[in-house]
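Spelled out, the chains give:
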Amino acid sequence: MAGIKEIRTKIKSVHNTRKITKAMEMVAASKMRKAQERMRAGRPYATKVREIASHLMQAHPDYSHPYMVEPSAVRAVGVVVVTTDKGLCGGLNTNLLRLVLSRLSEFQEKGIAVQATGLGSKGVSLLTRIGANLVSQEVQLGDAPNLDRLIGAIKVQLDDFEDGKIDAVYLATNRFVNTMRQEPTFMRLLPLPDGLSDPFQAGEESDNAAQIKSSHGWDYIYEPDSKSVIDDLLLRYVEGLVYQAVAENMASEQSARMVAMKAASDNAKTVISELELVYNKTRQAAITKEISEIVGGAAAV
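These lines cover the structure that appears in this document, whether it is placed above or below.

Criteria and thresholds
- Residues numbered from 1 in each chain as written.
- Predicted model: local features only at pLDDT ≥ 70, side-chain atom pairs only at ≥ 80, totals over all residues.
- Heavy atoms only, no water.
- Buried < 20%, exposed > 50% of the residue type's maximum accessible area, 1.4 Å probe, protein only.
- Helix = DSSP H or I, 4+ residues; strand = E, 2+ residues; numbered from the N terminus.
- Pairing = 2+ DSSP bridges.
- Axes fitted to C-alpha atoms, helices over the stretch in contact; angles between N-to-C directions.
- Patch = residues over 30% accessible without salt bridge, like charges linked within 9 Å, V, L, I, M, F, W, Y side chains within 5 Å.
- Areas by Shrake-Rupley, 256 points an atom, 1.4 Å probe, with all protein chains shown as cover.
- Salt bridge = Lys/Arg side-chain N within 4 Å of Asp/Glu carboxyl O.
- Phe/Tyr/Trp six-rings, centres within 6.5 Å; stacked < 30°, edge-to-face > 60°.
- Parallel < 35°, antiparallel > 145°, perpendicular 65-115°, else oblique.
- Left-handed = near helix turned anticlockwise from the far one by under 90°.
- Contact = heavy atoms within 4.5 Å.

A word on the pairing of strand β1 (residues 76-82). When you tally the buried positions in β1, you get 7 out of 7 residues, the bulk of the element. Residue alternation in β1 divides its side chains into two sets, A76, G78, V80 and V82 and V77, V79 and V81, and both sets are buried. As paired elements, β1 and strand β2 (residues 113-119) share 7 bridges and run parallel to each other. Across the sheet, residue V81 finds its bridge partner in β2, namely G118.

Put into structure tokens, the structure is as follows:
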């Protein structure tokens, strides 16, 4: 059994750790509120731009943008992985990266080449470690998403898609459900699927597809011309979806970190209680032994 001094040192060490986890929990709770407000503020725009893009898919305009053309065969794809820059947020990154690795394995089995873009240090680290074809990356995103930095990293994938080097672009991120629950999501960004859904609003993409896909046809009048309007609209569609994906991931990160740090603080409190019990028992045993020795010595005299 450890001595009294060693147990006292362990108790002090756990106390110090609990102070750190408690402080991190409070910081994450403060950042979580702002991140959730930013995420919820972006959802209506992302939903509306997907709805308009869905209606545009049903309108069959004269001009057909490359983003709207379904490939005859998929030979290569691009994958954009959105993760956090920091750890200590439970299984948030682990669950998402497990899903990404599963999808990459499926692509490999079908003989489909994959090129990746990493947004966040954790995703970049994994993609580099497994030897993926990392064509662009952006790390240290901060507490608020910066659209200019995000589009700079995504543009490599968009240019390759327009040039025909890849046939589809997928986006992997964490969808914020509530403070206790975040879901890893893997969705197709390009080309636009028929009957677009909004994965940031509903639980399953297939369930919400019917909500956006309209039962009647759509027709539009374009000013100045259909090419200018559609080009600008689909660019806003990509920007809005990528921005919302990063905002959702940041809200999920702060929520997961707050929950993880609260659990760590509670566990530290439990460990301290157990160590204090062992400390008291050890101390009582030492006192009893000393009394026994004194009594034994007095009896011998």
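To continue, consider the sheet that holds strand β4 (residues 168-178). If you walk across this open sheet you meet the 5 strands as β3-β2-β1-β4-β5, and the pairing is mixed. Lying at the two open borders of the sheet, with one neighbouring strand each, are β3 (133-138) and β5 (181-190). In this sheet, neighbouring strand axes are inclined to one another by 20 degrees on average, regardless of whether the strands run parallel or antiparallel. Both β4 and β5 contribute to a ladder of 9 bridges, which runs antiparallel. Within β5, the residue paired with T173 across the bridge is T185.

Here we come to a nonpolar patch on the surface. Together, I287, I291 and V295 give the surface a local cluster of nonpolar side chains, amounting to about 250 Å² of exposed area. Tracing the backbone through its elements, the reader meets V295 in helix α6 (residues 226-300).

Turning our eyes to something else, we now look at the pattern of salt bridges. Scanning the entire structure with this criterion turns up 14 salt bridges. For E70, the salt bridge goes to R188, with nearest N and O atoms at 2.9 Å. Of this pair, E70 sits in the loop between α1 (4-59) and β1 while R188 sits in strand β5, placing them 118 residues apart in sequence. For E183, the salt bridge goes to R181, with nearest N and O atoms at 2.1 Å. Assessed through its relative accessible area of 17%, E183 is described here as buried.

The next subject is the packing of aromatic side chains. Two measures describe an aromatic ring pair: the distance that separates the ring centres and the angle between the ring planes. Applying the stated criterion to the full structure yields 3 aromatic pairs. A ring pair is formed by F107 and Y170, whose centres lie 5.5 Å apart and whose planes are at 45 degrees; its orientation type is tilted. Of this pair, F107 sits in helix α2 (residues 92-109) while Y170 sits in strand β4, and the two are 63 residues apart along the sequence. Side by side, F107 and Y170 carry an identical accessibility label, which is buried. A ring pair is formed by Y170 and F186, whose centres lie 5.4 Å apart and whose planes are at 25 degrees; its orientation type is stacked. Of the two residues, Y170 is situated in strand β4 and F186 in strand β5; the sequence distance between them amounts to 16 residues. Assessed through its relative accessible area of 12%, F186 is described here as buried. Joined through ring pairs, the aromatic side chains of F107, Y170 and F186 make up one cluster.

Look at α2 against helix α3 (residues 121-129): their axes get within 11 Å of each other, and the N-to-C directions meet at 40 degrees. With respect to each other, α2 and α3 are oriented oblique. Considering only the axes of α2 and α3, their crossing is right-handed. Contacts from N93, L97 and L101 of α2 reach α3 at K122, G123 and L126.

These figures capture arrangement, not role.
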